[in-house]
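# Structural overview for review
One letter stands for each residue in the lines below.
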Amino acid sequence: MMESSASSTSSASEVWSESYTRLDQVSEENREGEPRDMNEIISDFGELILSRKLGEGMGISTGFSVIDKLTLGLHPGKLHLIAARPGMGKSVLAQNISQHAAMRDSKNVLFYSLEMSEMEVLERLCASESGVPHKVIRGGGMTVRDRSAVESALLRLEASGLMIDDTASIGINDIIQRSRRLKQSRQIDMVVVDYLGL
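Just so you know, these numbers come straight off a predicted model, no measurement behind them.

### Quick look at the nonpolar core
- Judged by nonpolar contacts, the single largest core of 23 residues is most densely connected at Val109, Phe111, Cys126, Ile137, Leu162, Met190 and Val192.
- For this core, the secondary-structure elements that each account for two or more residues are α5 (90-103), β1 (109-113), α6 (118-130), α7 (134-139), α8 (144-158) and β3 (190-194).
- Among the elements that line this core, the one with the most residues is α5, at five residues.
- With residues near it in sequence (within four places) discarded, Phe111 still touches Ala94, Gln95, Ser98, Val121, Leu162, Met163, Ile164, Asp165, Val192 and Asp194.
- In this structure, Leu110, Leu114, Met163 and Ile175 belong to the second largest nonpolar core, which totals seven residues.

### With respect to the packing of α6 against α8
- Packing of α6 against α8 leaves a shortest axis separation of 9 Å and a crossing angle of 110 degrees. Here α6 lies roughly perpendicular to α8, going by the angle between them. The way α6 lies across α8 gives a crossing that is right-handed. In this structure, α6 uses Leu122, Leu125, Cys126, Glu129 and Ser130 to contact α8, whose residues at the interface are Ala149, Val150, Ala153, Leu154, Arg156 and Leu157.
- For the contact of α6 with α8, the class distribution of residues is eight nonpolar, one polar and two charged.

Calculation rules
- Every residue gets a number counted from 1 within its own chain, in the order that chain's sequence is written.
- Local features in a predicted model are, by the rule used here, given only for residues with pLDDT of at least 70; side-chain atom pairs are given and counted only at 80 or more, and totals for whole chains, interfaces and linings are based on all residues.
- Side-chain calculation: all heavy atoms of the structure are included, whereas hydrogens and water are not.
- What makes a nonpolar core is a set of buried Ala, Val, Leu, Ile, Met, Phe, Trp, Tyr and Cys residues whose side-chain atoms join them at distances within 4.5 Å.
- Buried means the residue's accessible area, taken with a 1.4 Å probe over protein chains only, is under 20% of the maximum for its type, while exposed means over 50%, and partly exposed covers the values in between.
- By definition, any uninterrupted DSSP run of H or I lasting at least four residues is a helix, any uninterrupted run of E lasting at least two residues is a strand, and each is numbered from the N terminus.
- Pairs of residues are marked as contacts when any of their non-hydrogen atoms sit within 4.5 Å.
- To define axes, lines are fitted to C-alpha atoms, for helices over the stretch in contact only, and angles between the resulting N-to-C directions are given on a 0 to 180 degree scale.
- An angle below 35 degrees is read as roughly parallel, one above 145 as roughly antiparallel, one from 65 to 115 as roughly perpendicular, and any other as oblique.
- Crossing handedness is defined as follows: a turn of the near helix away from the far one that is anticlockwise and smaller than a right angle gives a left-handed crossing, while the clockwise case is right-handed.
- Asp, Glu, Lys and Arg are counted as charged, while Ala, Val, Leu, Ile, Met, Phe, Trp, Tyr, Cys and Pro are counted as nonpolar; the rest, among them Gly, fall into the polar class.

Written out as structure tokens, the structure is:
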């Protein structure tokens, strides 16, 4: 299209016509499918649900049984929002869900932290995983038992599939592009963004 528009022999209407034709061809190639009759859809649907074993329809567990009962877990391709007033624990909940998916269910989780640095996120994750209070980890003065618990927690976190991106000024388009690019080289089961400003 750029070559056509740069050519002095092509009129504007010819360039427009050729561009439209090419775009139409791309659209045809990318079309996912045609409408299906209900009998075809029901046949596939029936096979799916009748052969499903207990728990097979469950997505990634959040680690909170009440949420899991309401949502049946977090499913691929679905968008889940955590909304509340400031200071209500949205970030902590998002981190806990990410931690549970990565540590307990062995999922690869990409966590975007637009507010906190990766060290701040790791402090919170370490506190949650080790059982050592966050203020002790942050303020220092750990006991021998605390230090041992933190070291064990760090080893478990290191072996997990949790990834953190703390780019503060990243936009939604950059998040999409980075996630897609990373997914080409490794499996990503869940993307968590803390947080998207409206």
